[in-house]
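Descriptive structure summary
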2 protein chains.
Amino acid sequence: MKTIAIDAMGGEKAPEAVIKAVLRVKKELPHTQFVLFGDQTKIKSLLGNDISQIEIVNTTEVIKDDDEPVKAIRQKKDSSLVVAAQFVKQGKADALFSMGNTGAILASGIFIIGRIKGVARPGLMPTLPVKNSDDGFNMIDVGANAKSKPEYLLDWAKMASYYAEKVRGINNPRVGLLNNGAENDKGDDVHQKAYQLLLDSKLNFIGNIEGNELLDGKADVIATDGFTGNAVLKNIEGTSGVLIHLLKNSLLNNGLFVKLGALMIKKALKGLVSKFDVDKYGGAVLLGVNAPVVKTHGRSGERAVYFTLKQVDKILQEKIIDEFKAEFANKE
Amino acid sequence: MKTIAIDAMGGEKAPEAVIKAVLRVKKELPHTQFVLFGDQTKIKSLLGNDISQIEIVNTTEVIKDDDEPVKAIRQKKDSSLVVAAQFVKQGKADALFSMGNTGAILASGIFIIGRIKGVARPGLMPTLPVKNSDDGFNMIDVGANAKSKPEYLLDWAKMASYYAEKVRGINNPRVGLLNNGAENDKGDDVHQKAYQLLLDSKLNFIGNIEGNELLDGKADVIATDGFTGNAVLKNIEGTSGVLIHLLKNSLLNNGLFVKLGALMIKKALKGLVSKFDVDKYGGAVLLGVNAPVVKTHGRSGERAVYFTLKQVDKILQEKIIDEFKAEFANKE
């Protein structure tokens, strides 16, 4: 029996979206237990009588999006996030989920739940869509680290590759390095050395991937320094958001004839948007800490949380943390 | 009278696209001279009799896209690009245009035409579209430098801000720093120090800009380290390309009804695509060398070259290189 600790208070649509998602997912995961951290009265009223597989731990504080992360987890000792992380640390739960303050979630993972021995630095890894398949790809690190060393990228690629194989079912995942050109001598020192480390590893390294190729599906895993990964992840979100916004605008503001045409293509557009609907790809995982720590976007609704909780359950089933502990123990 | 040296052989659609663009633009720029470098026979046959304002310099070699840039400009002494760059260096032309091998264009600018004294490093700067206006924004550096120091970013921001004001007519351009968060202490050492340098400068610095905000039009100039800038620029291209590809696919493969709707919204879609049609924003400028060195994408056609030659002419009219020489001379 596995237990997921859930910060019920983080995120714009909390706690409603979280509770609804738990009520939906628990029917599909009858062997999983859910512990909800937050305002007990609110949570109880939303749950109603359907309380099988669910436990509530009352907390009195909430970490806000504009709280300074490290300070917040030190000072807000009775926040839903910190108490949930402590629960995992104490072995009372096996994984942590939150859609609150990203920095605070990372800090809870790194400082409370703790780094796996031998992993240089934990890295944050989302699953993102690709052009011509439903497989998507994993990119790591997307911002847990402002400064990255070549060895970090190797560790991230190892963990993400194992994750892609076990959790996403990709056979022998192709690993690429985000770099500023295709040739093997491209990039600054960090990326040149990371290239060599990846080449010398047992990973299925396919070489450099440039920024325009990310969504092409050339690689199943893309290793990147955390600064560039952060900029690029946000840029995918921003660029696709702007295009969809402009598309909607031009369909609505070009007269009745175009509006009618827009109605006729509605079905096709929904298909397009669902391709870039990141909900179904679940949340971003902090890899390299002693338990799965998984977050979704602060704006996420019930559907994204539902998919993410299924993902967390799969990570636990595949026991990937045990594998990482064994793999990296040899390094120290 | 200003003279533009034009590499007529670089790019997928050369020399046809180049010649057509010159023939079109010269009527609008009667005081500008165009020197075409390349295969004389081919160029002459494409030009026909319309040779006013035009000079041809015959060259026998072409630098290919897969040539190693620095090696190519050393070895292919009689290539259209190298001879054109030498022409500029010798003062026989005032600016260089090419749509060939990007690395070779940068190397020609830096090693043949030469860096302006006092500029730490030249930076490559495109003009990109924004969401709700036709102004666009400048991003610098997008890949002339794999490794960047804080002082480089300050120089780039200064030059790009001056460019935005004089060439694009933006009053007191807002300058942002691409960083991994909004707060002033974000980023690695390079970005933290660059933030301080920008804050202490006379520029209209508005703070950090995150990857998702690039196309929002919050800033007129965005300074970035060359590695991240390269990844993000290519990613904007890749992400918008994938979305437009998926949109077209879903309009064509969802039955007759949707196809009919697609016909009805064609006008609106053209408006959308023209928003992201980078042609009209001209080429990317290598700022910090002794003459304007301007490139467009290797896939560019006549239209992009036409807009870019107008842009080069405007840069020459505004004498921005003289201004940079005066500004940075005080530094050394």
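Described in the following lines is the structure provided in the data block.

Cut-off values and rules
Think of each chain on its own: its residues are numbered from 1, step by step along the sequence as written. Chain A is the first chain written and ligand 1 is the first ligand written, with later ones labelled in order. The model is predicted, so local features are restricted to residues of pLDDT at least 70 and side-chain atom pairs to those at 80 or more, both for listing and for counting; the totals for chains, interfaces and linings are taken over all residues. Heavy atoms throughout the structure, all of them, feed into the side-chain values; hydrogens and water do not. For two strands to be treated as a pair, DSSP must find at least two bridges joining them. Only DSSP runs of H or I with at least four residues qualify as helices, and only runs of E with at least two residues qualify as strands; both kinds are numbered from the N terminus onward. In this analysis, axes come from line fits to C-alpha atoms, helices being fitted only over the stretch in contact, and the angle between any two N-to-C directions falls in the range 0 to 180 degrees. Contacts are residue-level and defined by heavy atoms, with any inter-residue pair within 4.5 Å sufficient. Only buried Ala, Val, Leu, Ile, Met, Phe, Trp, Tyr and Cys residues count toward a nonpolar core, and they belong to the same one when joined by side-chain atoms within 4.5 Å. Each residue gets one of three labels from its accessible area relative to the maximum for its type: buried under 20%, exposed over 50%, partly exposed in between, using a 1.4 Å probe on protein chains only. The term buried area means the drop in 1.4 Å probe accessible area that two parts suffer when joined, counted for both and summed. Every case where a carboxyl oxygen of Asp or Glu lies within 4 Å of a side-chain nitrogen of Lys or Arg is listed as a salt bridge. Any pair of N or O atoms that falls within 3.5 Å is considered a polar contact. Within protein, one atom must be able to donate a hydrogen and the other to accept it, and sequence-neighbouring residues count only if both atoms are side-chain atoms. Residue type decides the class: Asp, Glu, Lys and Arg count as charged, Ala, Val, Leu, Ile, Met, Phe, Trp, Tyr, Cys and Pro as nonpolar, and the leftover types, Gly among them, as polar. Here the copies are superposed with least squares, the fitted atoms being C-alpha atoms of residues at a pLDDT of at least 70 in both. Small angles under 35 degrees read as roughly parallel and large ones over 145 as roughly antiparallel, with 65 to 115 read as roughly perpendicular and the rest as oblique.

**Observations concerning the sheet that holds strand β1 (residues 2-7) of chain A**
In any sheet, the strands associate via hydrogen bonds between backbone groups, in a parallel or an antiparallel arrangement. All names here are of chain A. The strand order across the open sheet built from 7 strands is β3-β2-β1-β4-β12-β11-β5, with neighbouring strands paired in mixed fashion. If you trace the sheet from one side to the other, it starts and ends with β3 (54-58) and β5 (123-125), each paired once. Sheet twist, expressed as the average angle between the axes of neighbouring strands with direction ignored, equals 25°. By the bridge criterion, 6 bridges tie β1 to strand β2 (residues 32-38) in an arrangement that is parallel. Opposite Ile4, over in β2, you have Phe34 as the bridge partner. Those strands touched by helix α2 (residues 40-47) are β2 and β3, and its axis lies near 155° from that of β3.

**Quick word on the sheet that holds strand β8 (residues 174-178) of chain B**
Residues and elements named next belong to chain B. What the 5 strands build is an open sheet, ordered β6-β7-β10-β8-β9; its pairing is mixed. Since the sheet does not close on itself, it has two edges, and those belong to β6 (127-128) and β9 (204-209), each with one partner. Across the sheet, helix α6 (residues 150-166) touches β6, β7 (137-140), β8 and β10 (221-223), and the angle it forms with β10 is around 170°.

**So, the nonpolar core**
By size, the foremost hydrophobic cluster in this structure holds 106 residues, and its most contacted members are Leu96, Leu214 and Leu251 of chain A together with Leu96, Leu214 and Leu251 of chain B. Leu214 of chain B has contacts with Asn235 of chain A together with Phe137, Met139, Leu178, Ile209, Ile222, Val232 and Ile236 of chain B, leaving out every residue within four places of it along the chain.

**Quick look at the interface of chain A and chain B**
Facing 52 residues of chain A, the contacting portion of chain B comprises 51 residues. Counting the surface lost from both chain A and chain B, the interface buries some 4,500 Å², and carbon and sulfur atoms represent 72% of this. Contact with chain B buries area across many residues of chain A, yet Phe227, Leu243 and Met264 of chain A alone supply 16% of it, more than any other trio. Joining chain A to chain B, the criterion identifies 4 salt bridges. On the surface where chain A and chain B come into contact, there are 8 residue pairs in polar contact (both at pLDDT 80 or more). Among the secondary structure elements, those contributing two or more residues to the side of chain A that touches chain B are α7 (189-200), α8 (226-252), α9 (255-264) and α10 (266-275) of chain A. At 19 residues, α8 of chain A tops the list of elements feeding residues into the side of chain A that touches chain B. Across the side of chain A that touches chain B, the residue classes break down as 23 nonpolar, 18 polar and 11 charged.

**As for the relation of the copies chain A and chain B**
Least-squares fitting of chain A to chain B yields an RMSD of 0.0 Å, with the transformation described by 0.0 Å of translation along the axis and a rotation of 180°. Interpreted geometrically, this transformation is the action of a two-fold axis. Minimal C-alpha separation from the rotation axis in chain A is found for Gly261 of chain A, amounting to 2.1 Å. Of the residues that chain A buries at the interface, 98% are likewise interface residues in chain B, meaning the two copies contact each other through the same surface.

**Things to note about the packing of α8 of chain A against α9 of chain A**
Residue and element names in this part refer to chain A. Between α8 and α9, whose axes approach to 7 Å, the crossing angle comes to 125°. It follows from the interaxial angle that α8 and α9 lie oblique. Counted together, Ser250, Leu251 and Leu252 of α8 and Val258, Lys259 and Ala262 of α9 form the full contact between these two elements. Here the residues of the contact of α8 with α9 sort into 4 nonpolar, 1 polar and 1 charged.

**Examining helix α1 (residues 16-28) of chain A**
Burial in α1 of chain A covers these residues: Ala17, Val18, Ile19, Ala21, Val22, Leu23, Val25 and Lys26 of chain A. Those residues of α1 of chain A that are buried are in contact with β1, β2, α2, β3 and α11 (302-317) of chain A.

**Comments concerning the pairing of strand β7 (residues 137-140) of chain A**
Residue and element names in this part refer to chain A. Residues Phe137 and Met139 of β7 are buried on one face, and the alternating residues Asn138 and Ile140, pointing to the opposite face, are buried as well. With 2 bridges connecting them, strand β6 (residues 127-128) and β7 associate as antiparallel partners. The residue of β7 that forms the bridge with Thr127 is Asn138. Bridging between β7 and strand β10 (residues 221-223) involves 3 bridges; their strand directions are parallel. Bridge pairing in β10 links Ile140 to Ala223.

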